[in-house]
Amino acid sequence: MTSHTTPADPPPAGSRAARRRLVRELLLVAGLFAVYKAGRTLSTGRTDEAFRNATWIWDAERVLHLPGEGAIQRLLLHGDALIHVANTYYAAVHFPATALFLVWLYLRRPGHYLWTRRVLAVLTGAALAIHLSFPLAPPRMLDAAHLVDTGQVYGPTVYRAAPAADTMANQFAAMPSLHFGWALMLALGMIAATRSRWRILWLLHPLATLLVVVGTANHYWLDAIVATLLLGAALLVVPRPVPEPFARSASEPGPVSAGPSVPRPVRRPAAAARAAAGPDLPARADGDPAVNVPATAGAGR
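Here's what I pulled together on the structure shown here. Note that the structure is predicted; figures quoted are calculated from it, not measured.

### Examining the overall build of the protein
Part 1 of the argument: Broken down by element type, the protein carries 11 helices and 2 strands.
Part 2 of the argument: Listing each helix as α and each strand as β along the protein from the N terminus yields α-α-α-α-α-α-α-α-α-α-β-α-β.
Part 3 of the argument: Among the 301 residues that make up the protein, the fraction classed as buried is 36%.
Part 4 of the argument: By sequence separation, contacts in the protein at least 24 residues apart represent 77% of the contacts at least 6 residues apart.
Part 5 of the argument: Of the roughly 18,200 Å² of accessible surface on the protein, 66% is carried by carbon and sulfur atoms.

What follows is the structure in structure tokens.
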């Protein structure tokens, strides 16, 4: 007895093309992020310059009459639970939220995904240029700020206590705050890609991020302001996506009716119409085999 096996059908060409696009996007995003992380480490040894710049930023904020970062930190320090939540938000929300945002756009709004990816690439590239040209120690390291390093004291933290021993992150790359810049782009991207009446609430994410990065003393107010300016420039440079159609869910109402429907006139064959109306009904001159019969035609016969 011999067994006969049927070879499996090859996957459709569309599926293969979709997988290739997905792999290409993953490699592209991962490559851009790797270049950014590697570039940040080029300014790790410029400690003296980073602290001089920190003093200059601190003094500039006082000249501009910006609120002190300590005011936000004192609010968070009212309870250990609140500051722990803030540290966790800083350490654990930034990258996962951005990744989920990009995945959702890739699957549901491809045009908005390309737009967002390009904007984030321009923003991150500009931020890297500033990291390299303007190393900046965060306010938690600046003695004049009198702030608490909440990550080291309360946890969790993504940084080591000694910046020189931190090989995974550049602690002197505070300007601009990509935590805030990416969070703001996430909110703007979701507002542009959705049509919910509540989509304005996405702005709560960058607002919470701003309070967290300042309250944990990881960033100055000016770090967020510069990130906002860079994002605005990126949005001006990158063309907006073509509006995409939105799929209507089953729970949404359908088109509104213009009113009750009006019955169309009854059409009957010409011979039947003449028979029903009587011998006095003239024939149509144009030879139309059907005529419109009023509803009262022949009613009294």
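Picking up after the structure, the text goes on.
### Some details on the environment of V148
Part 1 of the argument: Of note, V148 is situated in the loop between α6 (110-133) and α7 (150-154).
Part 2 of the argument: By relative accessible area, which is 29% here, V148 ends up partly exposed.
Part 3 of the argument: The sequence separation of V148 and N218 amounts to 70 residues, and the corresponding C-alpha distance is 10.0 Å.
Part 4 of the argument: Look past the residues within four positions of V148 in its chain and what remains in contact with it is Q73, L77, R140, V153, Y154, T216 and A217.

### So, the packing of helix α5 (residues 94-108) against α6
The geometry of a pair of packed helices is captured by two quantities: the angle between their axes and the separation between those axes.
Part 1 of the argument: At a closest axis distance of 6 Å, the pairing of α5 and α6 adopts a crossing angle of 145°. Seen along the crossing, α5 lies across α6 with a hand that is left-handed. Side by side, α5 and α6 meet where T98, F101, L102, L105, Y106 and R108 of the first sit next to P110, H112, Y113, T116 and L120 of the second.
Part 2 of the argument: Looking at the contact of α5 with α6 residue by residue, the classes come out as 7 nonpolar, 3 polar and 1 charged.

### Details of the environment of P139
Part 1 of the argument: As for its placement among the helices and strands, P139 is situated in the loop between α6 and α7.
Part 2 of the argument: In this structure the C-alpha to C-alpha distance between P139 and T55, which are 84 residues apart in sequence, comes to 9.2 Å.
Part 3 of the argument: Once you skip the residues sitting within four places of it in the chain, P139 turns out to touch A145, L147, A217, N218, H219 and Y220.

### Brief notes about the layout of surface pockets
Part 1 of the argument: Estimated volume of the largest pocket: approximately 610 Å³.
Part 2 of the argument: Lining the largest pocket are 22 residues; nearest its centre among them are V29, F33, T98, L102 and R117.
Part 3 of the argument: Looking at the lining of the largest pocket, the elements with two or more residues in it are α1 (13-40), α5 and α6.
Part 4 of the argument: The leading source of residues in the lining of the largest pocket is α1, at 8 residues.
Part 5 of the argument: A class-by-class count of the residues in the lining of the largest pocket yields 17 nonpolar, 3 polar and 2 charged.

### A short note on the packing of aromatic side chains
Two aromatic rings are characterised by how far apart their centres lie and by the angle between their planes.
Part 1 of the argument: What the rule picks out here adds up to 4 aromatic pairs.
Part 2 of the argument: When the centroid spacing of 6.0 Å and the interplanar angle of 70° are considered together, the rings of F51 and F172 count as edge-to-face. Of this pair, F51 sits in helix α2 (residues 47-63) while F172 sits in the loop between α7 and α8 (178-193), and the two are 121 residues apart along the sequence.
Part 3 of the argument: The class of F172 is buried, set by a relative accessible area of 4%.
Part 4 of the argument: Geometrically, the ring pair formed by Y106 and Y113 is edge-to-face, given 5.2 Å between the ring centres and 85° between the ring planes.

### Describing a nonpolar patch on the surface
Part 1 of the argument: Taken together, W198, I200, L201, L203, L204, L207 and L211 make up a surface patch of nonpolar side chains, about 690 Å² in accessible area.
Part 2 of the argument: Structurally, the position occupied by L204 is in helix α9 (residues 204-215).
Part 3 of the argument: For L204, a relative accessible area of 51% corresponds to the exposed category.

### Thoughts on the packing of α6 against helix α10 (residues 221-237)
Part 1 of the argument: The contact between α6 and α10 brings their axes to 9 Å, and the two run at 135°. The pairing of α6 with α10 is recorded here as oblique in orientation. Read as a crossing pair, α6 and α10 show a hand that is right-handed. Facing α6, whose interface residues are W115, V119, V122, L123, A126, A127 and I130, α10 presents V226, A227, L230, L231, A234 and L235.
Part 2 of the argument: Considered class by class, the residues forming the contact of α6 with α10 number 13 nonpolar, no polar and no charged.

What counts as what
- Residues numbered from 1 in each chain as written.
- Predicted model: local features only at pLDDT ≥ 70, side-chain atom pairs only at ≥ 80, totals over all residues.
- Heavy atoms only, no water.
- Helix = DSSP H or I, 4+ residues; strand = E, 2+ residues; numbered from the N terminus.
- Buried < 20%, exposed > 50% of the residue type's maximum accessible area, 1.4 Å probe, protein only.
- Contact = heavy atoms within 4.5 Å.
- Areas by Shrake-Rupley, 256 points an atom, 1.4 Å probe, with all protein chains shown as cover.
- Axes fitted to C-alpha atoms, helices over the stretch in contact; angles between N-to-C directions.
- Left-handed = near helix turned anticlockwise from the far one by under 90°.
- Nonpolar A, V, L, I, M, F, W, Y, C, P; charged D, E, K, R; others polar.
- 1 Å grid on protein atoms, 1.4 Å probe; cavity = no way out; pocket = protein on both sides within 12 Å on 5 of 7 lines; lining within 4 Å.
- Points joined across faces, edges and corners; volume = space filled by probe spheres on them.
- Phe/Tyr/Trp six-rings, centres within 6.5 Å; stacked < 30°, edge-to-face > 60°.
- Patch = residues over 30% accessible without salt bridge, like charges linked within 9 Å, V, L, I, M, F, W, Y side chains within 5 Å.
- Salt bridge = Lys/Arg side-chain N within 4 Å of Asp/Glu carboxyl O.
- Parallel < 35°, antiparallel > 145°, perpendicular 65-115°, else oblique.

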